[in-house]
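# What the coordinates show
Spelled out, the chains give:
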Amino acid sequence: MTLGTTYLSLDLAHPVIAGASPLSATLDGIKRLEDAGAAAIVTASLYEEELVGEEEALEAIAVVGAESHPEVTSYLPPRCGCRNPLAAHVETIRRGAEAVAVPLVASLSATTREGWVGIAADLQAAGAAALEFNFHHVPTDPTETSADVEGRLIETVRDVRAAVHIPIAVKLSPYFTALPHLAASLAEAGANGIVLFNRLYEPDIDLETMTFQPNLELSQKREIRLRLRWIALLAGKTPLSLVASGGVEGVQEILKYLLAGADAVQTTSALLRHGPEHLARLVKGLTEWTQGHGATSVAEVRGRMSADRLEDSGVLVRAHQTTALLL
Ligand SMILES: Cc1cc2nc3c(=O)[nH]c(=O)nc-3n(C[C@H](O)[C@H](O)[C@H](O)COP(=O)(O)O)c2cc1C
């Protein structure tokens, strides 16, 4: 029996990947995720806007310190022998890639063309096995069209593809209008996979203080459904690797994603909730279920319930809510 799968043309021992989170932000965290059994590890994102902010802040402090209070330099964050926060992050990737045998996928979220291309090249040079683009954009300008947003993403992929040879996965938000067309365009631009979907940070209003409050909640199982539908609709119809991210708490969610057609499945909230050791339970559950259902490989399970293999794929696109109630 083999649980092996191919993700972004990388061979994985099984389909369960540790998704991007603070757990994979440090060398120790990366090693712990490998020890716990992750088939691949996505690092916490490197955010270009934070780099710029941190560098500017450090420069400002250094200037002020040099001019007026030299002792202020003692408040600077500890140095790692690296010149700046980018170098520190790249160093973590370099040491992580050396330390673990599983693929280390470096996640980045840039804001400029130079940022995407330059940081991607640095991450590749550091030994990342693949890149995951955390493409985050909240369109607030009414003159910006959906085509503008998609076009920029596609051009970014094209630019980075020209600069690096390692596989590129694009982690998408669920708010793109015509996902199959976007997937085709991303593939044509040189992407190798898409991650469906990122969860967006949704601040809430505190009625006492009348302020927006940060509201980061860990995910719930029910969040798989939006992703299940899109993976089932895309499976077999795109050359891209399909990677699920969202709502994996136990082995049932992993199985549903595989049946829908995912090549691999990421889990984040469950690892934050139960610790990286939860990975071993997930893999054990996957092994037992697969054996119990007479399958000899994950490949036999994958895509069995994708739209192109369903007798009635209308269930995935039907609009009549009352029909769903009567079924
Ligand atoms: C605390 C926390 C930090 C996260 N950090 C990142 C990040 O740095 N980059 C990223 O692309 N996604 C990040 N995510 C999103 C997760 O990788 C994942 O896509 C999302 O939580 C859905 O998966 P889940 O339901 O298994 O948690 C983060 C999620 C959480 C809860």
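Reading the values: rules and limits
Residues numbered from 1 in each chain as written. Predicted model: local features only at pLDDT ≥ 70, side-chain atom pairs only at ≥ 80, totals over all residues. Heavy atoms only, no water. Buried < 20%, exposed > 50% of the residue type's maximum accessible area, 1.4 Å probe, protein only. Helix = DSSP H or I, 4+ residues; strand = E, 2+ residues; numbered from the N terminus. Pairing = 2+ DSSP bridges. Right-handed = clockwise from strand over helix to strand, strands pointing away. Salt bridge = Lys/Arg side-chain N within 4 Å of Asp/Glu carboxyl O. Near = heavy atom within 4 Å. Polar contact = N/O pair within 3.5 Å; in protein donor to acceptor, adjacent residues only side chain to side chain. Areas by Shrake-Rupley, 256 points an atom, 1.4 Å probe, with all protein chains shown as cover. 1 Å grid on protein atoms, 1.4 Å probe; cavity = no way out; pocket = protein on both sides within 12 Å on 5 of 7 lines; lining within 4 Å. Sits in = over half its atoms within 2 Å of the grid points. Nonpolar A, V, L, I, M, F, W, Y, C, P; charged D, E, K, R; others polar.

Turning our attention to the pairing of strand β8 (residues 168–172). For β8, a buried count of five out of five residues is recorded, marking the element as mostly surrounded by other parts of the structure. Pairing of strand β7 (residues 130–134) with β8 involves four bridges; the strand directions are parallel. Following the sheet pairing, F133 is matched in β8 by V170. In the classification by handedness, the crossover that spans β7, the intervening helix α5 (residues 146–163) and the parallel β8 is right-handed. This β-α-β element, β8 to helix α6 (residues 179–189) to strand β9 (residues 193–196), shows right-handed connectivity.

Take the pattern of salt bridges next. Within the structure shown, the criterion is met by 13 salt bridges. The partner of R152 in a salt bridge is E144, with the nearest N and O atoms 2.9 Å apart. Measuring nitrogen to oxygen at the nearest pair gives 3.2 Å for the salt bridge that ties K284 to E288. You can see K284 and its partner E288 sitting in helix α10 (residues 278–292), four residues apart, about one turn around the helix. Where salt bridges share partners, they join E91, R94 and E98 into one cluster.

Close contacts around the ligand come from 20 residues, with A20, S45, S219, G247 and S269 the closest. In the environment of the ligand, an oxygen atom lies 3.4 Å from a nitrogen or oxygen atom belonging to the backbone of G246. At 2.5 Å from an oxygen atom of the ligand is found a side-chain nitrogen or oxygen belonging to S269. In isolation the ligand has 600 Å² of accessible area, and contact with the protein removes 90% of it. Taking a 2 Å distance to the grid points as the criterion, the majority of the atoms of the ligand fall inside the largest pocket. Class assignment for the residues of the shell around the ligand results in seven nonpolar, 11 polar and two charged.

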